Amino acid sequence: MRETEGESTELMAQVTPSLDLIFELLSNRRRRYTLYHLYDQPDGVATMDELTDAVVTHQYLESNADRETDDRTDADADGALEGRRQQVRMDLQHTHLPKLEDAGVLEHDHRSEMVRYWNQPSLEEWLEHARHKELV
């Protein structure tokens, strides 16, 4: 678990993020998809595999929304999907989860590969707006 200047992430979760920080966090679609998935979990907890799959699924649906057919073979599609999945997982681990953790929005346990979302009502208000505009 990350610690910033001696304060645990859990204590930081009690601080309301600024509007600038909220919009910065929501400005990236992989962070939004991660937050959508965590927000939907009854306990706010997901594994890295679950988060990776959720982000890949959202991105796949988004990228294929305008396509009618796909001429690739199943083997090509499987290879491309696994490559995309590995890239998303790496981006989440090294970029997006640390940014969300530093903001006090979640906690990532690297050993267990569990991610726990900390309720942030001000973030959730804007997250719901983003989801409505983006996914509905």
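Our structure's up above, just so we're on the same page.
Residues numbered from 1 in each chain as written. Predicted model: local features only at pLDDT ≥ 70, side-chain atom pairs only at ≥ 80, totals over all residues. Heavy atoms only, no water.

Looking at the side chain of Arg 30
Part 1 of the argument: Structurally, Arg 30 is set in helix H3 (residues 29–40).
Part 2 of the argument: If near-sequence neighbours (up to four positions away) are discounted, Arg 30 is found in contact with Val 55, Gln 59, Gln 87, Val 88, Asp 91, Leu 92 and His 96. (Helix = DSSP H or I, 4+ residues; strand = E, 2+ residues; numbered from the N terminus. Contact = heavy atoms within 4.5 Å.)

A word on the pattern of salt bridges
Part 1 of the argument: Going through the model one piece at a time under the given rule, you end up with eight salt bridges.
Part 2 of the argument: In this structure, Arg 30 and Asp 91 form a salt bridge, with 2.2 Å as the shortest nitrogen-oxygen distance. Of this pair, Arg 30 sits in helix H3 while Asp 91 sits in helix H5 (residues 74–102), and the two are 61 residues apart along the sequence.
Part 3 of the argument: Notably, a salt bridge pairs Arg 89 with Glu 113, separated by 2.7 Å at the nearest N-O pair. Highlighted residues: Arg 89 in helix H5 and Glu 113 in the loop between strand E4 (106–109) and strand E5 (114–117), separated in sequence by 24 residues.
Part 4 of the argument: With relative accessibility at 29%, the residue Glu 113 sits in the partly exposed group.
Part 5 of the argument: Linked through salt bridges whose partners overlap, the residues forming this network are Asp 49, Asp 53, Arg 85, Arg 89 and Glu 113. (Salt bridge = Lys/Arg side-chain N within 4 Å of Asp/Glu carboxyl O. Buried < 20%, exposed > 50% of the residue type's maximum accessible area, 1.4 Å probe, protein only.)

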